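# Survey of secondary and tertiary structure
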Amino acid sequence: MKNFIWIMILVAVGMISCSRSAQHRDILSKAERIVSAYPDSALCLVEEIDSKDLKEDSLRALYAIVVGRAHKASDNSMVADSLTQFAFEYYRDKDFNRFLQAGDLVAMHRFWLGDGSGSLSLLDSLIALPNIPKDAKIELLRSRMGIGGAEFDCKRNIRFIKELQSLDTDSTNQAEYLYQLCENYQFAERNDSALIIIDEL
């Protein structure tokens, strides 16, 4: 009789755990769908989830992606986003797009911690990978442009900005890239090239 009771307790605990995991997965999937356009709303959705309660690696990795992307899109501090490293390793051989997203977030996390050179090194290695989807590469290049400028890596940054100009057809972004290119030319002491762009602005 006692064995039967213990078995029933274990079954009940298992059912509750499965139910919570399914609920967490549903919340995270919804948050992931809206995080680019509505990062604050995505964060509100995942607020009720404690990352320590996530027992499945897939849920922990997805949680890191959603929270990290929301922080990045909102220009919030990413000092606390250490779980992005776990997501980066988890998705390495499972999901190329999420692997790239996680890598971008790890680079941002490193930058926020003061490791600018480590951040740029990671971004450069990711950008050099073959067969990167266009949108993912644009995101990586934009991160590289911003961190490269902040770290005054202007000579090397110029190449990445030019690549952004050729990939991203958004006219609003093109104006930003032209300004960034001009600024990087100036810091790289290529004043003649900067003056040519100033005439275009």
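Attention here is on the structure that accompanies the text. (Residues numbered from 1 in each chain as written. Predicted model: local features only at pLDDT ≥ 70, side-chain atom pairs only at ≥ 80, totals over all residues. Heavy atoms only, no water.)

### Here's the deal with a nonpolar patch on the surface
- A cluster of nonpolar side chains, namely Val79, Trp112 and Leu113, defines an oily patch on the protein surface of about 280 Å² accessible area.
- Note on placement: Trp112 falls in helix 5 (residues 96–112).
- When its relative accessible area of 38% is taken as the criterion, Trp112 is described as partly exposed. (Patch = residues over 30% accessible without salt bridge, like charges linked within 9 Å, V, L, I, M, F, W, Y side chains within 5 Å. Areas by Shrake-Rupley, 256 points an atom, 1.4 Å probe, with all protein chains shown as cover. Salt bridge = Lys/Arg side-chain N within 4 Å of Asp/Glu carboxyl O. Helix = DSSP H or I, 4+ residues; strand = E, 2+ residues; numbered from the N terminus. Buried < 20%, exposed > 50% of the residue type's maximum accessible area, 1.4 Å probe, protein only.)

### A look at helix 8 (residues 154–167)
- The first and last C-alpha atoms of helix 8 sit 20 Å apart over 14 residues, in line with the 20 Å expected at 1.5 Å per residue.
- Among the structural elements, helix 6 (116–127), helix 7 (134–150) and helix 9 (171–187) are those in contact with the buried residues of helix 8. (Expected span 1.5 Å × (residues − 1). Contact = heavy atoms within 4.5 Å.)

### A word on helix 3 (residues 57–73)
- Here helix 3 spans 24 Å end to end across 17 residues, near enough to the 24 Å set by a 1.5 Å rise per residue.
- Counted residue by residue, helix 3 has 13 buried out of 17 residues, so it is predominantly covered.
- Phi turns positive, to about 60°, at Asp75, one or two residues after helix 3.

### Some remarks on unusual backbone geometry
- Although it is not a glycine, Asp75 sits at a positive phi angle of roughly 60°.
- Along the chain, the position of Asp75 falls in the loop between helix 3 and helix 4 (83–90).
- One non-glycine residue, Glu189, adopts positive backbone phi at about 60°.
- With respect to the helices and strands, the residue Glu189 is situated in the loop between helix 9 and helix 10 (191–200).

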